[in-house]
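# Examination of the molecular architecture
The lines below spell out each chain.
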There are 2 protein chains.
Amino acid sequence: MAGAALALSFVFVVSFLAVLLSWRLAKFVMKQDTGNASMQKTAEAIKKGGEAFLKRQYKTIGIFTFITAILLVGLYYYFGDVWVGVKTAFAFVIGATLSAVAGIVGMAISVRANLRTAAGAYKSMPEALTIALRGGAVSGFLVVALSLLGVAGIYVLFGANPQETPFHIVGFGFGASFVALFAQLGGGIYTKAADVGADLVGKVEAGIPEDDSRNPAVIADLVGDNVGDCAGRGADLFESTAAENIGAMILGVALFPVFGVSGVLFPLVARSFGLIASAIGIFSVKAKENENPMKALNRGYYLTVLLSIIGFYIAVKVMLDNVWFFWAGVTGIVLSLLFVYITQYYTEHRFRPVREIAEASKTGAATNIIAGVAIGFENTGLPVLSICLALFFSYLFGLMSGVPHGGLYGTAMATMGMLASAAYILAMDTFGPITDNAGGIVEMSNAPAKVRKRTDQLDSVGNTTKALTKGYAIGSAALAAFLLFSAYLDEVSKLTGKAFEVVNLAKVPVFIGGMLGAMLVFLFSAYAIRAVGKTAGYIIKEARRQFKKKGVMEGTVEPDYAACVDITTRGALRNMVLPSLLAIFFPIVVGLLLRAEAAAAFLMVGTIAGILLAIVLNNSGGAWDNAKKHVESGAHGGKGSDAHKAAVVGDTVGDPFKDTAGPSLHVLIKLLATVTLVMAPLFL
Amino acid sequence: MAGAALALSFVFVVSFLAVLLSWRLAKFVMKQDTGNASMQKTAEAIKKGGEAFLKRQYKTIGIFTFITAILLVGLYYYFGDVWVGVKTAFAFVIGATLSAVAGIVGMAISVRANLRTAAGAYKSMPEALTIALRGGAVSGFLVVALSLLGVAGIYVLFGANPQETPFHIVGFGFGASFVALFAQLGGGIYTKAADVGADLVGKVEAGIPEDDSRNPAVIADLVGDNVGDCAGRGADLFESTAAENIGAMILGVALFPVFGVSGVLFPLVARSFGLIASAIGIFSVKAKENENPMKALNRGYYLTVLLSIIGFYIAVKVMLDNVWFFWAGVTGIVLSLLFVYITQYYTEHRFRPVREIAEASKTGAATNIIAGVAIGFENTGLPVLSICLALFFSYLFGLMSGVPHGGLYGTAMATMGMLASAAYILAMDTFGPITDNAGGIVEMSNAPAKVRKRTDQLDSVGNTTKALTKGYAIGSAALAAFLLFSAYLDEVSKLTGKAFEVVNLAKVPVFIGGMLGAMLVFLFSAYAIRAVGKTAGYIIKEARRQFKKKGVMEGTVEPDYAACVDITTRGALRNMVLPSLLAIFFPIVVGLLLRAEAAAAFLMVGTIAGILLAIVLNNSGGAWDNAKKHVESGAHGGKGSDAHKAAVVGDTVGDPFKDTAGPSLHVLIKLLATVTLVMAPLFL
């Protein structure tokens, strides 16, 4: 057990240091220059709006969390062991709380880093880039470190029995995905309703440019970038890392006879090495004034990946001493690189897909949409093939290890490999809303052209990193899913005392379960997309009302930004409830009616459908966005041409796809897994 | 065996009579009035275009069929028994040929009935309705009767051994779906490329109305309705009934100890009763001048359903003598009614979904598309729930029968029940292109307003019946799929000599198979949709060229319709090849690499994804179409308003969804099943 104590100490020390690092980065950001008064005014409005949304959102989430915790205890009491129920509910609340803390702190920094990045852009590109990236890294490190601390902490608290405890911390994962669903869905609805509403009422109806200070919805739009991309995606990756840790620990239990406690604690140690790699990667990023900032970010990413591989090798060597698991982990790392390349191919204007959409805009909005949908469907091919290959090879490497159950443990290794660079990726992702906001702040303060050029360039890099993170998130969700299926089967086996290894789709009830799982994915997406339309409708109504007031359109009277922020907040919160409850209760109903095997099929087929639809929605949205930008840069007639109008339609359609429904599906997939894990005792 | 001889004789007599009836109906249509010279000229152009397309299309299909037959013999020779290979290839060719015959004859009548319906509309509504419906019924009876004759004929030819022969006629089903795929996909690409091309170049660019004789693409558009809806859907239902018969006969083999030969031949007898019910239904339809023609068609449908139930009861009583199977059959019949209602709810302007889309058109094309996609995703809910309930109850009734393996046979009964009214449904479907064409012919001949009002009304009824048929086709495909899964498992069991009853999604290779199946569905749809865009591009280019010629735009020089028809034909045929080959070879590759169990998962998860995506594509397309019509009827500003322009975009986007990709997915689902059935010996 000395090895166990050593491993746990290592995990605690590294994650504690990562929290400290996060604090240092926040202090670095805070001490930067805050620019002129006009910029500060805009930033203040964004900050107020963002904080108001988060406050109300987490209040709602808090109430639901409380009710669910009580229900969990009650259900376990009714169906089985109340003591397990209390433990599960406790872990659930801790998971939810830590996720909330990471989200709130990350966003508090994000709405401050935006102003400082804008001020930095007045001086030089490297300065702005450094501030934005370090601001993003606050979120990145906090999210990964807190999820690690949470899992490790509860493991110790619940007795650190390597063959029992992993099953008792599934509540932590459920809590994390519970919060993630609300955060990503609520934030996603907010950001896109504000974006669509502001665009339709400003650019289309009133004919004023984007981010124009006369538009009453402009602040809501800027707030939206923070609550959707920063708070939402942070919660998403918090739960990814948490769920993956727990799932891998449960698989480790099956290998206890071979590896002892090392197999159970390996996931936590591997993650700690990933944190170290990411930290070095972040600090290595140095931009040059006349270089594309994406190149600097890529250099940092490649360094992180390289260090992750080395760290993974050390962890495998010391704890498992079987090189095949190292290769399985490398498979996951390769998959993350593949996803980055594929996402770039499908969403960047340099390649065929985006050009095809831009070209189709010449014959109008209809052909633009048809081309975009065709690209969206087509682009499931390469990512799914990559996932299948990664699963296959990591499984094969696991089998070659010669360890019993080694195949599944191999797929777990791939997931750990893929998630090793999570902190770096998340930093790049949160970089997105910070630079986007910086651009808005600069735009509204009538800054000189040179400064705007810098923020425009950073903003465009931010769009790319956001798209990449989404690709990464779905790829890791797909790998983690298989891990979580296996954890579910292991848990049911443990509960019933006999091996549950077969999910037979040829049985009618099991097939029905699978079909319902796929249906849920479509239904959930429908509600998410519709919620954006509804909420955007409220904003349009309010902005129209304000435009009618004297002086607003002329720019002499300042519009009532707060009213739009408030309406968006209420609309997003109201409309996130129905799809969230559907996602949580539908799997429980299926499990109760059709039992454990059908619930497994529900989870598995639902996951397949979710992965595919998320890829379709994310990448078609990204491609539409960049097709519009490609036209704006002068292709097919440039700004103001008919092709441009058609491309704008495509971009608007893509908004709720790529920023609301798509990312929420990542969370849904993992929620399905954690909810079935937690509810498994009820399905027997 | 006296019972077997009696049953087979009954099947032969009924299907022979149905062919005769089809011949009588054709003669009835041909002897009707053919209107004035201008109408005849248009009709002649459509006829020539349609026949030219079919000729070339079936030539292409013929070549592929020949190659595939040779390959089949070769593969069976290499992997197993060459004699089985010859039998399979023979059945394959017969299936393909009969499907082609049904398609060619049906379409030959359809392109003649259109003119006579138009002439009938000059006289009265009931006259036009009767001609159109009986013209459609030629296809309806021929398709169902030939598929029945084919299966029964090969059964007798191959020795009529009830425990062996059903396995040898799977080639017939493969031949049928092989042709159906090309016919539906090629026809679907043709019809929508012509439609989108004609609309974009005519309505949008040149500003002339639909079906205007100055538009060079107008004849291609009218031809398209025939080749897509008539020939394509006919081939689709030909294979549905064929595959369902074969699958149910194979299940019947498993019940041989209980029912003897009756269980094997029951599907054919039940189908014969359905033919009788449909014939009576068709002849009962009598329209009144001032009544909505849909009501008359519905009365006929309800009568058909009622008679089908009675026929089914007699068949069960005489052959199986177990009332539970009757109830399982009724479950299928109820499902067909449910699908009709649900499809109406989601695609008719009277209900919320279409109104929501029309309402969203007020804020532009983007919100129209977002609303339509949300409705499309949402509308997977009720159909999938209905399918699940039907599967569950028919399985339950089957279990209650007390017969071993009764559960699966119960689901087979539901499929038979659902397909009992196939001939009537198909008549209603082919009614669509006939009335659509009649409207075009009348429009181009400058007929009086009274006549145009009649054809407009018939055309709108035709749109509804087309939407209903698609719902029916997908519902029956979903039920039949389960039948075909089971047939596949039975076949593999027979080949290996040990029970193959488990498709374990928890195994990595099996899960990968499932994931690839779902991916194929998206990829196939992408290629189908893109093919429409590409082919429409050729048409637009050609029409633009012609518009530049002097006199075309002024209406003094007749455009070169034949050139557009020719270009569409070549474009559609060229672009149907890639997705078709993908659909045929991908499952074979998966089966060869990952083996039989993964191939089963491929088939099952692919089917689930296919059903869902087909529902999304079909119904969102239908809803967009009717939202546009709703706006045109005066809502939200009526024709020419901004809302109308937005609604037109939605309608155009929906075209390739509902008439190309969606219906082709029905075929794909069944093709996956028949291809795995035929290739099963290679996957072991």
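Residues numbered from 1 in each chain as written. Chains lettered and ligands numbered in written order. Predicted model: local features only at pLDDT ≥ 70, side-chain atom pairs only at ≥ 80, totals over all residues. Heavy atoms only, no water.

On to the overall build of chain A. The helix and strand inventory of chain A stands at 20 helices and zero strands. Relative to its length of 684 residues, chain A is compact, with a C-alpha radius of gyration of 24 Å against a globular reference of 26 Å. Expressed as lengths along the three principal axes of its C-alpha atoms, the size of chain A is roughly 75 × 50 × 45 Å. Split into buried and exposed, the 684 residues of chain A put 70% on the buried side. For chain A, the proportion of contacts with a sequence separation of at least 24, taken over those separated by at least 6, is 85%. A total of about 20700 Å² of accessible surface is found on chain A, and carbon and sulfur atoms cover 65% of it. Considering chain A, the positive charge centre built from 54 side chains and the negative charge centre built from 45 side chains are found 3 Å apart. (Helix = DSSP H or I, 4+ residues; strand = E, 2+ residues; numbered from the N terminus. Rg over C-alpha atoms; globule rule 2.2 N^0.38 Å. Buried < 20%, exposed > 50% of the residue type's maximum accessible area, 1.4 Å probe, protein only. Contact = heavy atoms within 4.5 Å. Areas by Shrake-Rupley, 256 points an atom, 1.4 Å probe, with all protein chains shown as cover. Lys, Arg positive; Asp, Glu negative; His and termini not counted. Charge placed at Lys NZ, Arg CZ, Asp CG, Glu CD.)

Take the relation of the copies chain A and chain B next. With an axial shift of 0.0 Å and an RMSD of 0.0 Å, the rotation relating chain A to chain B amounts to 180°. Such values leave the two copies arranged in the relation of a two-fold axis. No C-alpha of chain A lies nearer the rotation axis than that of Asn504 of chain A, which sits 2.4 Å from it. (Least-squares fit on C-alpha atoms with pLDDT ≥ 70 in both.)

Moving on to the interface of chain A and chain B. How big an interface is tends to be stated in terms of the accessible area lost upon association of its parts. On the chain B side, the residues contacting the 66 residues of chain A number 66 residues. For the pair chain A and chain B, the summed buried area comes to about 5700 Å², and 86% of that belongs to carbon and sulfur atoms. Its largest share of buried area at the contact with chain B, chain A owes to Phe377, Met515 and Phe522 of chain A, together 12% of the area lost on that side. Put simply, chain A and chain B have four salt bridges between them. Here Arg530 of chain A makes a salt bridge to Glu356 of chain B, at a shortest N to O gap of 3.1 Å. Counting across the chain A and chain B interface gives 10 residue pairs in polar contact (both at pLDDT 80 or more). For the side of chain A that touches chain B, the secondary-structure elements that each account for two or more residues are helix 12 (352-360), helix 13 (365-378), helix 14 (381-400), helix 15 (406-419), helix 17 (449-496), helix 18 (508-548), helix 19 (561-632) and helix 20 (642-679) of chain A. It is helix 18 of chain A that provides the largest number of residues to the side of chain A that touches chain B, a total of 17 residues. Of the residues belonging to the side of chain A that touches chain B, the class tally is 50 nonpolar, nine polar and seven charged. (Buried area = accessible area lost by both parts, 1.4 Å probe. Salt bridge = Lys/Arg side-chain N within 4 Å of Asp/Glu carboxyl O. Polar contact = N/O pair within 3.5 Å; in protein donor to acceptor, adjacent residues only side chain to side chain. Nonpolar A, V, L, I, M, F, W, Y, C, P; charged D, E, K, R; others polar.)

Time to look at the nonpolar core. Of all hydrophobic cores here, the largest spans 542 residues; its most connected members are Phe266 and Tyr488 of chain A together with Phe266 and Tyr488 of chain B. When residues no more than four places from it in sequence are discounted, the contact partners of Tyr488 of chain B are Phe500, Ala596, Ala599, Ala600, Thr676, Leu677, Ala680 and Phe683 of chain B. (Core = buried A, V, L, I, M, F, W, Y, C linked by side-chain atoms within 4.5 Å.)

Before going further, it helps to spend a moment on the pattern of salt bridges. Counting across every chain of the model gives 66 salt bridges over all chains. Between Asp566 of chain A and Arg56 of chain A there is a salt bridge, and its shortest N-O distance comes to 2.4 Å. Of this pair, Asp566 of chain A sits in helix 19 while Arg56 of chain A sits in helix 2 (residues 37-79), and the two are 510 residues apart along the sequence. Note that Arg545 of chain B is salt-bridged to Glu542 of chain B, the shortest N-O span being 2.8 Å. With a gap of three residues between them, Arg545 of chain B and Glu542 of chain B both fall in helix 18 (residues 508-547), about one helical turn apart.

So, on to the packing of helix 7 (residues 218-254) of chain A against helix 20 of chain A. All names here are of chain A. Remark: helix 7 packs on helix 20, axes separated minimally by 10 Å, with the N-to-C direction vectors making an angle of 25°. The angle between helix 7 and helix 20 places the two elements in the roughly parallel class. Here the hand of the crossing between helix 7 and helix 20 comes out left-handed. The segment helix 7 lies against helix 20, with Asp229, Arg233, Asp236, Glu239, Ser240 and Ala243 engaging Asp659, Pro663, His666, Val667, Lys670, Leu671 and Thr674. Looking at the contact of helix 7 with helix 20 residue by residue, the class counts come to four nonpolar, three polar and six charged. (Axes fitted to C-alpha atoms, helices over the stretch in contact; angles between N-to-C directions. Parallel < 35°, antiparallel > 145°, perpendicular 65-115°, else oblique. Left-handed = near helix turned anticlockwise from the far one by under 90°.)

Overall, the coordinates contain nine cavities of 30 Å³ or more when judged by the stated rule. Taken as a whole, the largest cavity encloses approximately 160 Å³ of empty space. Lining the largest cavity are 16 residues, with Val373 and Phe377 of chain A together with Val373, Phe377 and Phe657 of chain B sitting closest to its centre. Listed by contribution, the elements that provide at least two residues to the lining of the largest cavity are helix 13 and helix 19 of chain A together with helix 13 (365-378) and helix 19 (561-632) of chain B. When grouped by side-chain class, the residues that make up the lining of the largest cavity number 14 nonpolar, two polar and no charged. Roughly 70 Å³ of volume is contained in the second largest cavity. Considering the residues around the second largest cavity, the lining is formed by Ala198, Asp199, Gly202, Lys203, Ile208, Pro209, Glu210, Asp211, Asp212, Asn215, Val218 and Asp221 of chain B. If you list the elements that add at least two residues to the lining of the second largest cavity, you get helix 6 (170-206) and helix 7 (218-254) of chain B. Considering each element in turn, the lining of the second largest cavity owes the most residues, four residues, to helix 6 of chain B. A class-by-class count of the residues in the lining of the second largest cavity yields four nonpolar, two polar and six charged. (1 Å grid on protein atoms, 1.4 Å probe; cavity = no way out; pocket = protein on both sides within 12 Å on 5 of 7 lines; lining within 4 Å. Points joined across faces, edges and corners; volume = space filled by probe spheres on them.)

Model confidence for chain A is summarised by a mean pLDDT of 89, while 100% of its residues fall at 70 or above. Here the prediction assigns the complex a pTM of 0.93, and the interface score ipTM is 0.93. (pLDDT = per-residue confidence, 0-100.)

Here we come to the side chain of Gln344 of chain A. Residues and elements named next belong to chain A. Topologically, Gln344 is positioned in helix 11 (residues 323-347). Residue Gln344 is classed as buried on the basis of its relative accessible area of 11%. Setting aside its immediate chain neighbours within four residues, Gln344 contacts Arg350, Phe351 and Leu468.

Let us look at the packing of helix 13 of chain B against helix 20 (residues 642-679) of chain B. Residues and elements named next belong to chain B. Where helix 13 contacts helix 20, the axes come no closer than 8 Å and their chain directions differ by 45°. With respect to each other, helix 13 and helix 20 are oriented oblique. Along this stretch, helix 13 crosses helix 20, giving a crossing that reads as right-handed. Residues Ala365, Asn368 and Ile369 of helix 13 touch helix 20, and the partners they reach there are Ala646, Ala647, Val649, Gly650 and Val653. When its residues are assigned to classes, the contact of helix 13 with helix 20 shows six nonpolar, two polar and no charged.

As a further point, take the packing of aromatic side chains. All names here are of chain B. For the structure on display, the rule yields 58 aromatic pairs over all chains. Measuring from ring centre to ring centre gives 5.8 Å for Phe586 and Phe602, while their planes differ by 45°; the resulting arrangement is tilted. In this structure Phe586 comes out as buried when scored by relative accessible area, which is 19%. The exposure class of Phe602 is buried, given its relative accessible area of 1%. (Phe/Tyr/Trp six-rings, centres within 6.5 Å; stacked < 30°, edge-to-face > 60°.)

As a further point, take helix 16 (residues 422-444) of chain A. All names here are of chain A. For helix 16, built from 23 residues, the straight-helix expectation of 33 Å at 1.5 Å per residue is met to within 8% by its first-to-last C-alpha distance of 34 Å. For helix 16, the buried fraction is high: 22 of the 23 residues fall into the buried class. A positive phi of about 50° marks Asn446, the residue just after helix 16. (Expected span 1.5 Å × (residues − 1).)

On to the environment of Ala206 of chain A. All names here are of chain A. Its place among the elements puts Ala206 in helix 6 (residues 170-206). Exposure remark for Ala206: the relative accessible area of 25% places this residue in the partly exposed category. Considered as a pair, Ala206 and Phe547 are 341 residues apart in the sequence and their alpha carbons are 8.6 Å apart. When sequence neighbours within four positions are dropped, the list of residues in contact with Ala206 reads Val201, Phe547 and Met553.

Helix length check: helix 4 (residues 125-157) of chain B (33 residues) gives 47 Å between terminal C-alpha atoms against 48 Å at 1.5 Å per residue, within 8%. One side-chain oxygen of the residue at the start of helix 4 of chain B lies 3.3 Å from the amide nitrogen of Glu127 of chain B, identifying that residue as Ser124 of chain B.

Residue and element names in this part refer to chain B. Positionally, Ile250 belongs in helix 7. The buried category is assigned to Ile250, whose relative accessible area is 1%. Residues Ile250 and Glu164, spaced 86 residues apart in sequence, show a C-alpha to C-alpha distance of 9.0 Å. Beyond its immediate chain neighbours, meaning those up to four positions away, Ile250 contacts Pro166, Phe167, Val170, Ala487 and Asp490.

All names here are of chain A. A cluster of nonpolar residues, Ile63, Phe66, Ile67, Ile70, Leu71, Leu581, Phe585, Val589 and Leu593, forms a patch on the protein surface that exposes about 870 Å² of accessible area. Put simply, the parts of the chain that give the nonpolar patch at least two residues each are helix 2 and helix 19. Looking at the secondary structure, you find Val589 in helix 19. Under the relative-accessibility criterion, Val589 is labelled partly exposed at 41%. (Patch = residues over 30% accessible without salt bridge, like charges linked within 9 Å, V, L, I, M, F, W, Y side chains within 5 Å.)

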